[in-house]
Amino acid sequence: MKINWINKIKNRKKEDEQIILAEDTCLSVRNVSMSFSGLKVVTDVSFDIKEGEIFGLIGPNGAGKTTLFNCITQFYKPDNGSIFFRNNKNETINLINFPTHKIIRHGLVRTFQNVELIGDLSVIENVMVGAHIKYKYDFWGCLFGFSGAKKEEKRIEEEAEGVLKFIGLDDIKNQPVSSQPYGILKKIELARALMCDPKLIILDEPAAGMNEAETRELMNMIKIIRDEYKTTILLVEHDMKLVMGICDRICAISFGEVIAIGTPSQIKNNIKVQEAYLGVTK
Ligand SMILES: Nc1ncnc2c1ncn2[C@@H]1O[C@H](COP(=O)(O)OP(=O)(O)OP(=O)(O)O)[C@@H](O)[C@H]1O
Ligand SMILES: [Mg+2]
């Protein structure tokens, strides 16, 4: 039984080695489906994201956006399909073949719809956690206070300070995260993601809990992150101003199926999108 499973993975890896993504493609989602107890919530979804693109995924509540994000990041193993990713070594990998904790090392990081931070730690400590993949020293090195471990900790702290300054949160760096409002927690998650040297950042509703001014600031920040950190960004967001204002292209889904892919103006004028997402009928 186990041998069959290992062979299946090996064969799949061999097939994947033959996959050649177009040079400008960062992520290729191909025919992904996912169901829970027989109920299909993502059906045969396919789209490609180009290197350096800000790509939006939109759809009504319950359309399957977070489930698709969970399939891409392997929190869920989809029932069908492949998800090819050009990783930070310029190799094409099928994410399906990797456990979720290994994906981050390939340069794919995410933030969560329901913020996932460590409440007992300070803002800067939470951001430093994002750099765990870069730590050379292990638990024992830190416990016994090896000088190399201390230097490494200092370097990562300085890096976290730089990221917090960039995000505009350096003045609250020593405060506990548990006392921060929701909009700030979303920004702290974004700062933590930047510590992982991301190639692709997946953001699930980054503007949730933010007022209009904060959302505008976030829009600019996402563009600057794309340019400064040379990343690709995939985001889910209900704030249409943000989505239409910063996305190069958008994929609209409804009841787990793709109904349109295009530029913001193509999506805005698409009848199916108007019917499904905006609740407008002609
Ligand atoms: N772990 C799960 N078990 C069973 N059903 C689930 C699970 N996760 C999601 N679902 C169902 O799948 C459907 C899609 O949910 P999902 O969270 O992906 O939607 P969404 O598009 O992200 O919605 P929202 O905009 O409200 O965040 C919903 O009907 C949801 O109840
Ligand atoms: Mg969701």
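Calculation notes
- Residues numbered from 1 in each chain as written.
- Chains lettered and ligands numbered in written order.
- Predicted model: local features only at pLDDT ≥ 70, side-chain atom pairs only at ≥ 80, totals over all residues.
- Heavy atoms only, no water.
- Helix = DSSP H or I, 4+ residues; strand = E, 2+ residues; numbered from the N terminus.
- Contact = heavy atoms within 4.5 Å.
- Areas by Shrake-Rupley, 256 points an atom, 1.4 Å probe, with all protein chains shown as cover.
- 1 Å grid on protein atoms, 1.4 Å probe; cavity = no way out; pocket = protein on both sides within 12 Å on 5 of 7 lines; lining within 4 Å.
- Points joined across faces, edges and corners; volume = space filled by probe spheres on them.
- Nonpolar A, V, L, I, M, F, W, Y, C, P; charged D, E, K, R; others polar.
- Near = heavy atom within 4 Å.
- Polar contact = N/O pair within 3.5 Å; in protein donor to acceptor, adjacent residues only side chain to side chain.
- Pairing = 2+ DSSP bridges.
- Axes fitted to C-alpha atoms, helices over the stretch in contact; angles between N-to-C directions.
- Buried < 20%, exposed > 50% of the residue type's maximum accessible area, 1.4 Å probe, protein only.
- Donors = N, O, S within 2.8 Å, 3.2 Å for Na, K, Ca; no water.
- Phe/Tyr/Trp six-rings, centres within 6.5 Å; stacked < 30°, edge-to-face > 60°.
- Lys NZ or Arg CZ within 6 Å of the ring centre and 35° of its normal.

Asker: Outline the overall build of the protein chain, supporting the account with residue identities and numerical values.
Answerer: Secondary structure summary: the protein chain contains 11 helices and 10 strands in total. Long-range contacts, defined here as pairs at least 24 residues apart, represent 66% of the contacts in the protein chain between residues at least 6 apart. Working note: accessible area of the protein chain is about 14400 Å², and carbon and sulfur atoms make up 52% of it.

Asker: How would you sum up empty space enclosed by the protein? Please name residues and give values.
Answerer: The full count for this structure, using the stated rule, is 1 cavity of 30 Å³ or more. The computed volume of the largest cavity comes to approximately 60 Å³. Lining the largest cavity are Thr111, Lys186, Lys187, Glu189, Leu190, Leu203, Pro206, Met210 and Leu218. Ranked by residues supplied to the lining of the largest cavity, first place goes to helix 7 (residues 182-194) with 4 residues. Residues of the lining of the largest cavity, tallied by class, amount to 5 nonpolar, 1 polar and 3 charged.

Asker: Report on the site of ligand 1, specifying residues and quantitative values.
Answerer: For ligand 1, the set of nearby residues contains 14 residues, the closest of which are Gly62, Lys65, Thr67, Gln113 and His238. Here glycine 62 contributes a backbone N or O atom positioned 2.8 Å from an oxygen atom of ligand 1. Glutamine 113 places a polar side-chain atom, nitrogen or oxygen, 2.8 Å from an oxygen atom of ligand 1. In terms of residues, the shell around ligand 1 owes the most to one element, helix 2 (residues 65-72), which gives 3 residues.

Asker: Describe the sheet that holds strand 7 (residues 200-204), listing the residues and the values that go with them.
Answerer: Paired through their backbone hydrogen bonds, the strands of a sheet run either parallel or antiparallel. Taken in spatial order, the 6 strands line up as 6-7-8-3-9-10 in an open sheet, and their pairing is mixed. Only two strands of the sheet have a single partner each, and these edge strands are strand 6 (108-110) and strand 10 (257-262). Adjacent strand axes in the sheet meet at a mean angle of 15°, parallel and antiparallel pairs treated alike.

Asker: Which residues make up helix 2, and what values do they have?
Answerer: With respect to burial, helix 2 is a largely interior element, 7 of its 8 residues being buried. All of the buried residues along helix 2 are Lys65, Thr67, Leu68, Phe69, Asn70, Cys71 and Ile72. After helix 2 finishes, the residue glutamine 74 shows a positive phi value of roughly 65°.

Asker: Give me the pairing of strand 3 (residues 54-58): which residues, what numbers.
Answerer: In terms of residue burial, strand 3 counts as a mostly covered element, since 5 of its 5 residues are buried. Burial along strand 3 is two-sided: the residues Ile54, Gly56 and Ile58 and Phe55 and Leu57 are all buried. Examined bridge by bridge, strand 3 and strand 8 (residues 232-236) share 4 bridges and lie parallel to one another. Its bridge partner lying in strand 8, phenylalanine 55 is registered against leucine 234.

Asker: Give a detailed account of the coordination of the magnesium ion (ligand 2), specifying residues and quantitative values.
Answerer: Coordination of the magnesium ion (ligand 2) by the protein is provided by Thr66 (OG1) and Gln113 (OE1), with metal-donor distances spanning 2.0 to 2.1 Å. Of this pair, threonine 66 sits in helix 2 while glutamine 113 sits in the loop between strand 6 and helix 4 (123-129), placing them 47 residues apart in sequence. Assessed through its relative accessible area of 27%, glutamine 113 is described here as partly exposed.

Asker: I'd like to hear about the packing of aromatic side chains, residue by residue, with values.
Answerer: If you walk through the whole model with that rule in mind, you get 4 aromatic pairs. For the ring pair phenylalanine 47 and phenylalanine 55, a centre distance of 5.1 Å and an interplane angle of 20° mean the geometry is stacked. Both residues of the pair, phenylalanine 47 and phenylalanine 55, belong to the buried class. Its end group placed over the ring of phenylalanine 75, arginine 110 keeps NZ or CZ at 4.8 Å from the ring centre.

Asker: So what about the side chain of arginine 226? Which residues, and what values?
Answerer: For arginine 226, the position within the fold is in helix 8 (residues 212-228). Accessibility expressed as a relative area gives 18% for arginine 226, which makes it buried. One polar contact links the side chain of arginine 226 to the main-chain carbonyl oxygen of glycine 52, over a distance of 2.8 Å. Beyond its immediate sequence surroundings of up to four residues, arginine 226 is in contact with Gly52, Glu53, Ile54, Thr231, Ile233 and Asp248.

That is the geometry; function is a separate question.
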